[in-house]
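One letter stands for each residue in the lines below.
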Amino acid sequence: MPERGGLRVAAEVPIKIGSSLVLTPKIRAAWEHDFLGDANQDHEIDASFADVPEPGSLTVLGQNRGSDELSLSGALELTVNERWAFFGGFEWADWSNGTEVTYGGGIRYSW
């Protein structure tokens, strides 16, 4: 089991822009260190199914992100009323072994 530690700072500020519209920008910065992580370590799990001969075994390779990660993210949420909201955001993450950029958005309906 990995032993991890890190820091995260986040902020969000709701801004009322109409009688029921609220725009909320959100930002986050985080750093994480995996004390047992190694940039050269293979993340490999060997598994097999019970009572199945050799063809039933398999090896799964996981992503080796290394021991350190820095991530920055931002998002906007527009709350129309108590039922409807629209949101979108992105995250940039830099690990010891690579970089990843993700983004997404959606519509939220509550009943």
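What you are looking at is a predicted structure, and each value in this text was computed from that prediction instead of being measured. (Residues numbered from 1 in each chain as written. Predicted model: local features only at pLDDT ≥ 70, side-chain atom pairs only at ≥ 80, totals over all residues. Heavy atoms only, no water.)

**Quick word on the overall build of the protein**
Okay, so step 1: Within the protein, the regular secondary structure consists of zero helices and eight strands.
Okay, so step 2: Expressed as a percentage of contacts within the protein between residues at least 6 apart in sequence, the contacts between residues at least 24 apart total 48%.
Okay, so step 3: Carbon and sulfur atoms provide 58% of the accessible area of the protein, an area that totals close to 8400 Å². (Helix = DSSP H or I, 4+ residues; strand = E, 2+ residues; numbered from the N terminus. Contact = heavy atoms within 4.5 Å. Areas by Shrake-Rupley, 256 points an atom, 1.4 Å probe, with all protein chains shown as cover.)

**Some thoughts on the packing of aromatic side chains**
Okay, so step 1: Overall, the coordinates contain two aromatic pairs when judged by the stated rule.
Okay, so step 2: On the basis of an interplanar angle of 55° and a centroid distance of 4.7 Å, the ring pair of Trp84 and Tyr109 is categorised as tilted. Placement of the pair is Trp84 in strand β7 (residues 84–95) and Tyr109 in strand β8 (residues 98–109), with a sequence separation of 25 residues.
Okay, so step 3: On the basis of relative accessible area, Trp84 is assigned to the partly exposed category, the value being 38%.
Okay, so step 4: Under the relative-accessibility criterion, Tyr109 is labelled partly exposed at 36%.
Okay, so step 5: Ring geometry for Tyr109 against Trp111: centres 6.1 Å apart, planes inclined by 25°, an arrangement best described as stacked.
Okay, so step 6: By way of ring pairs, the aromatic residues Trp84, Tyr109 and Trp111 are connected into one cluster. (Phe/Tyr/Trp six-rings, centres within 6.5 Å; stacked < 30°, edge-to-face > 60°. Buried < 20%, exposed > 50% of the residue type's maximum accessible area, 1.4 Å probe, protein only.)

**A closer look at the side chain of Ser67**
Okay, so step 1: You can see Ser67 is positioned in the loop between β5 (57–62) and β6 (68–79).
Okay, so step 2: Overall, Ser67 belongs to the buried group, its relative accessible area being 16%.
Okay, so step 3: Within the local environment of Ser67, its side chain forms a polar contact with the side chain of Asp68, the two groups lying 3.5 Å apart.
Okay, so step 4: If sequence neighbours within four positions are ignored, Ser67 has contacts with Glu32, His33, Asp34, Gly37 and Ser96. (Polar contact = N/O pair within 3.5 Å; in protein donor to acceptor, adjacent residues only side chain to side chain.)

**Brief notes about the environment of Gly105**
Okay, so step 1: Position of Gly105 among the secondary structure elements: in strand β8.
Okay, so step 2: Exposure remark for Gly105: the relative accessible area of 57% places this residue in the exposed category.
Okay, so step 3: As for Gly105 and Phe90, which are separated by 15 residues in sequence, their C-alpha atoms are 8.8 Å apart.
Okay, so step 4: For Gly105, the residues in contact, after removing those within four places along its chain, are Phe87 and Gly88.

**Observations concerning the confidence of the model for the protein**
Okay, so step 1: Put simply, the protein has an average pLDDT of 85, and 86% of its residues get 70 or more.
Okay, so step 2: Across the protein, the secondary-structure element scoring lowest on mean pLDDT is strand β4 (residues 43–48), at 73, and the one scoring highest is strand β2 (residues 15–16), at 96. (pLDDT = per-residue confidence, 0-100.)

**A few points about a nonpolar patch on the surface**
Okay, so step 1: Taken together, Leu7, Trp31, Leu70, Leu72, Phe90, Trp92, Val101 and Tyr103 make up a surface patch of nonpolar side chains, about 880 Å² in accessible area.
Okay, so step 2: In this structure, Leu7 sits in strand β1 (residues 4–12).
Okay, so step 3: For Leu7, a relative accessible area of 62% corresponds to the exposed category. (Patch = residues over 30% accessible without salt bridge, like charges linked within 9 Å, V, L, I, M, F, W, Y side chains within 5 Å. Salt bridge = Lys/Arg side-chain N within 4 Å of Asp/Glu carboxyl O.)

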